[in-house]
Amino acid sequence: MAEQVEQREIAAEQAFVDRVYVQLERSATAAAQLATEGHGRAHLGHEGGLVERDAMVFQAARRIAQLDAAHEGLVFGRLDLDAGFDPEPRYIGRIGLRDDQRDSILIDWRAPAAAVFYQATAADPQQVVRRRVLRSEHRTVVGVEDELLDAENPAAADLPVVGEGALMAQLSRARDRSMHSIVATIQAEQDRAIRAPGRGVVSISGGPGTGKTVVALHRAAYLLYSDRRRYEGGGVLVVGPSGVFMRYIERVLPSLGETAIALRSLGEVVDGVRATRHDEPAVADVKGSERMAELVRRTARQQAPGSPREFSVFWRDDRIHLDQAVLGRVRRRLMTQGPRNRQLSRVAASLLDAMWRQVRGERGRERGREYFDEEMLSNQAFVDFAVSWWPPLDALTVLGWLRDPELLARVGDGVVSDEDQRLLAKSWNGSGLSVEDVPLLDELRYALGDVPQHTEEDDTLVASRGDVDLQELTTASEREYAPSGRAWAPPTHRIEDDGFAHVLIDEAQDLTPMQWRMVGRRGRGASWTIVGDPAQSSWPVPEESARARAEALAGKALHEFHLSTNYRNSSEIYEYAAAYARRVGLDADLPTAVRSTGEAPREVVGGDDLESATREAVARTAGQVAGTVAMVVPAARRSEVNAWLAGWPEFADDAPGARSAVDSSVAPSGEDRIVVLTGLDTKGLEFDGIVVVRPDEIEAESATGRATLYVVLTRATQLLTTVR
């Protein structure tokens, strides 16, 4: 009987969903027609037609993208309300839709009318009698989950109640390689954070599995919906800990109908830069410290290596000599006027001032300053000296200066220790940029400043300059080579263009002081959403990080929200992780896990045959769960374990249902079930099953290894095995 009721309810909901998809296709057709009409406006033959074309085509393209993104799980909720309040059921979806008569048939989940879907509880039903969640695959309704919130309401007698409840059904789902939107199962405490005021800083804290990340992403979508002009115009920046994490979440916002958001890992925050490699912990601790800001500032003020140290020229009766002392005074004067590259237009005049003061002869003085300037600017030797002495500089070139131990010792004196200098020098003579180098590049970029764009007003030194191109002295925008001989590429955009309207930081507890400075520059005028759990921090000096965070957020109102329920882990897994946190002295926020699987975590002794023990544990886990399985290993063992996995035939690429990702820096495909990750790679991720290889070695990897292992133990939703 119960099964028949369920099938009848599913069929009824399918009929409604079919109607909505028909309307979706009509809306898409209308949007396409609007785009065609817009293109036609370009043929009107006047400027107004072009403006109308651009506006119409833009609006049509945005609507088409929104409609395309909404296809999967378009309708997910239904509210049956008190008959006296609203006799018609209210359907909730990823976007809002109206029928041909302009009546609403689907309410956008972000709209005020949809808020009650998340906020109603049995204690406070808010006129809701029954809340229903529709589970769909593509366009097909495969199940419904009901919650009867007001059993005393007369209408409740006529409403069938199906399923185990939306939240618990969602929690028992297998995880695939990307995070799913959980708009259908957001709970009241989460909804309050999502719909918090748009101004200032919203801080979302809570232990593992409390839904901090997904709440923050839904908040970004909600802000775009509630004030689209502000947030779409200024942009929304979402920053996560790693490329693996960003690929994991990248489908969530498009599935909510939002595509106007920049998703960047900490190695990609700076435009044009992408770093995925991490430095070893000791090096990362130095590069992330607040001391590096002073070291970078000093570096940006150094004379360019290889640039001339003096200049001499005979003019009339005088030998004019710019020695190191004179040039030092000119440099210091220029540096007091702002960032280095911004002074390019002042270099020639400053040098000529210093040179004119050395003109003593009567013949030279008779000619006057203007004639002197013209003569010098026609002197190719002077032009070459000026360009070489104060060249336009990019941050990557200047960071490369620090490979020189002598220069590093000079700028690092009193800032970083000799041992720190040794670690830094070794890292910079290695391979490519690391994630920890990116904030240093950004710091240098701001310390150096933009290269100013050349204008006619810059040509104030002389009215006639013969064959000399003063462009060489006043700007680098057309300059072919920097002093290192490498091609010079001007910035893709001005530094002032870095600001966003909203900045969302996930895993904020891991940001180093230098990373806070980097992200803070992009949110000076922004509102913020900050998500984190201090107990999961991988940064060893929280006081430094707190100072940098306070500076980045200075002057902004703070709204704090705490999530207290663990929806991810089974109670068995989380109690195991919580016991570890208590045992090693972590000051952990321990949320309440709301479900039980009856499967306690297993501990396996690998002994001398670690590979066999790991293989057995992975096979057992993969056989018991339908979704993803992660092998979490010490960083030093990643290559070794990758080789094991590649040699296990039951997990080969062509084995049914089991594929492997052999490098965590490569984005696994949507079909990969088994992945190999380090402890830090697991930040923000979740898997149906976790096999932790040599947890003691993960714990010993860094000063924050205990927090990292705690994070690893809280990534599993169903099964957890440790191989010691």
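Heads up: these notes are all about the structure in this document. (Residues numbered from 1 in each chain as written. Predicted model: local features only at pLDDT ≥ 70, side-chain atom pairs only at ≥ 80, totals over all residues. Heavy atoms only, no water.)

1. Quick word on the overall build of the protein chain
Argument step 1. Broken down by element type, the protein chain carries 28 helices and 22 strands.
Argument step 2. Relative to its 724 residues, the protein chain shows a buried fraction of 54%.
Argument step 3. By sequence separation, contacts in the protein chain at least 24 residues apart represent 74% of the contacts at least 6 residues apart. (Helix = DSSP H or I, 4+ residues; strand = E, 2+ residues; numbered from the N terminus. Buried < 20%, exposed > 50% of the residue type's maximum accessible area, 1.4 Å probe, protein only. Contact = heavy atoms within 4.5 Å.)

2. Comments concerning a positive patch on the surface
Argument step 1. Side chains of Arg329, Arg332, Arg333 and Arg357 sit close together on the surface and give a patch of like positive charge.
Argument step 2. Position of Arg332 among the secondary structure elements: in helix H12 (residues 324-335). (Patch = residues over 30% accessible without salt bridge, like charges linked within 9 Å, V, L, I, M, F, W, Y side chains within 5 Å. Areas by Shrake-Rupley, 256 points an atom, 1.4 Å probe, with all protein chains shown as cover. Salt bridge = Lys/Arg side-chain N within 4 Å of Asp/Glu carboxyl O. Lys, Arg positive; Asp, Glu negative; His and termini not counted. Charge placed at Lys NZ, Arg CZ, Asp CG, Glu CD.)

3. Observations concerning the environment of Val438
Argument step 1. Here Val438 is to be found in helix H20 (residues 438-448).
Argument step 2. The exposure class assigned to Val438 is buried, which follows from its relative accessible area of 0%.
Argument step 3. Put simply, Val438 and Ala275 are 163 residues apart on the chain and 7.4 Å apart in space, counted from C-alpha to C-alpha.
Argument step 4. Aside from chain neighbours lying at most four places away, what touches Val438 is Leu266, Gly267, Val270, Val273, Ala275 and Met518.

4. Considerations on the packing of helix H22 (residues 513-521) against helix H23 (residues 542-552)
Argument step 1. Orientation of H22 relative to H23, taken along the N-to-C sense of each, is 10 degrees, at an axis distance of 8 Å. Regarding the angle of H22 to H23, the classification is roughly parallel. The segment H22 lies against H23, with Pro513, Trp516, Arg517 and Gly520 engaging Glu544, Ser545, Ala548, Arg549, Glu551 and Ala552.
Argument step 2. Residue composition of the contact of H22 with H23, by class: 4 nonpolar, 2 polar and 4 charged. (Axes fitted to C-alpha atoms, helices over the stretch in contact; angles between N-to-C directions. Parallel < 35°, antiparallel > 145°, perpendicular 65-115°, else oblique. Nonpolar A, V, L, I, M, F, W, Y, C, P; charged D, E, K, R; others polar.)

5. Some details on the sheet that holds strand E5 (residues 128-137)
One key point about sheets: their strands pair by backbone hydrogen bonds, in either a parallel or an antiparallel sense.
Argument step 1. Pairing is mixed across the open sheet formed by 6 strands, whose spatial order is E3-E4-E2-E1-E5-E6. Strands at the two margins of the open sheet, each flanked by one partner only, are strand E3 (97-98) and strand E6 (140-148).
Argument step 2. One ladder, built from 4 bridges, connects strand E1 (residues 75-81) with strand E2 (residues 90-93); its direction is antiparallel. In the sheet register, Leu79 faces E2, and the bridge partner there is Arg90. (Pairing = 2+ DSSP bridges.)

6. Focus: the environment of Ala348
Argument step 1. Within the fold, Ala348 resides in helix H13 (residues 344-356).
Argument step 2. Expressed as a C-alpha distance, the spacing of Ala348 and Ala386, which sit 38 residues apart in the sequence, is 6.6 Å.

7. Focus on the pattern of salt bridges
Argument step 1. Overall, the coordinates contain 42 salt bridges when judged by the stated rule.
Argument step 2. Taken together, the shared-partner salt bridges in this structure form one network comprising Glu9, Glu13, Arg78, Asp80, Arg130, Arg132 and Asp146.

8. Digging into the nonpolar core
Argument step 1. Ranked by size, the top nonpolar core spans 71 residues in total, and within it Trp109 and Val238 carry the most contacts.
Argument step 2. Considering each element in turn, this core owes the most residues, 9 residues, to helix H6 (residues 212-226). (Core = buried A, V, L, I, M, F, W, Y, C linked by side-chain atoms within 4.5 Å.)

9. Quick notes on unusual backbone geometry
Argument step 1. The phi dihedral of Arg102 falls on the positive side, at around 70 degrees, and the residue is not glycine.
Argument step 2. You can see Arg102 is positioned in the loop between E3 and strand E4 (104-108).
Argument step 3. If you check the backbone angles, Glu507 has positive phi at about 55 degrees while not being a glycine.
Argument step 4. Its location among the elements puts Glu507 in the loop between strand E12 (502-505) and H22.
Argument step 5. Under the relative-accessibility criterion, Glu507 is labelled buried at 8%.

10. Structural notes on the packing of aromatic side chains
Argument step 1. Taken as a whole and assessed by the stated rule, the structure comprises 13 aromatic pairs.
Argument step 2. Members of the aromatic cluster, connected to one another through ring pairs, are Phe311, Phe382, Phe385, Trp389 and Trp390.
Argument step 3. Looking at Arg340, its charged tip hangs above the ring of Trp390, at a distance of 5.2 Å from the centre.
Argument step 4. Over the ring of Tyr371 we find Arg367; its NZ or CZ atom is 4.8 Å from the centre of that ring. (Phe/Tyr/Trp six-rings, centres within 6.5 Å; stacked < 30°, edge-to-face > 60°. Lys NZ or Arg CZ within 6 Å of the ring centre and 35° of its normal.)

11. A look at the sheet that holds strand E13 (residues 527-532)
Argument step 1. Within the open sheet, the 6 strands sit side by side as E9-E8-E12-E13-E7-E14. Their pairing is parallel. Two strands bound the open sheet, and with one partner strand each, they are strand E9 (261-265) and strand E14 (558-563). Strand-to-strand twist of the sheet, defined as the mean angle between neighbouring strand axes without regard to direction, takes the value 15 degrees.
Argument step 2. Where H22 meets the sheet, its contacts fall on E12 and E13, and the angle it forms with E13 comes to roughly 150 degrees.

12. A closer look at H22
Argument step 1. Of all 9 residues making up H22, 8 are buried, and the element is well covered by its neighbours.
Argument step 2. Those residues of H22 lying buried are Pro513, Met514, Gln515, Trp516, Met518, Val519, Gly520 and Arg521.
Argument step 3. Where H22 is buried, its residues touch helix H10 (281-288), helix H11 (291-300), H20, E12, E13 and H23.

13. As for the pairing of strand E21 (residues 687-693)
Argument step 1. In terms of burial, E21 is largely enclosed, as 7 of its 7 residues are buried.
Argument step 2. Note: strand E18 (residues 629-633) against E21, 4 bridges, orientation parallel. When the bridges of E21 are listed, Val632 appears paired with Val692.

14. Side note on the side chain of Thr210
Argument step 1. The topology assignment puts Thr210 in the loop between strand E7 (201-206) and H6.
Argument step 2. For Thr210, a relative accessible area of 0% gives the class buried.
Argument step 3. Setting aside its immediate chain neighbours within four residues, Thr210 contacts Gln190, Leu563, Ser564, Thr565, Asn566, Tyr567 and Pro591.

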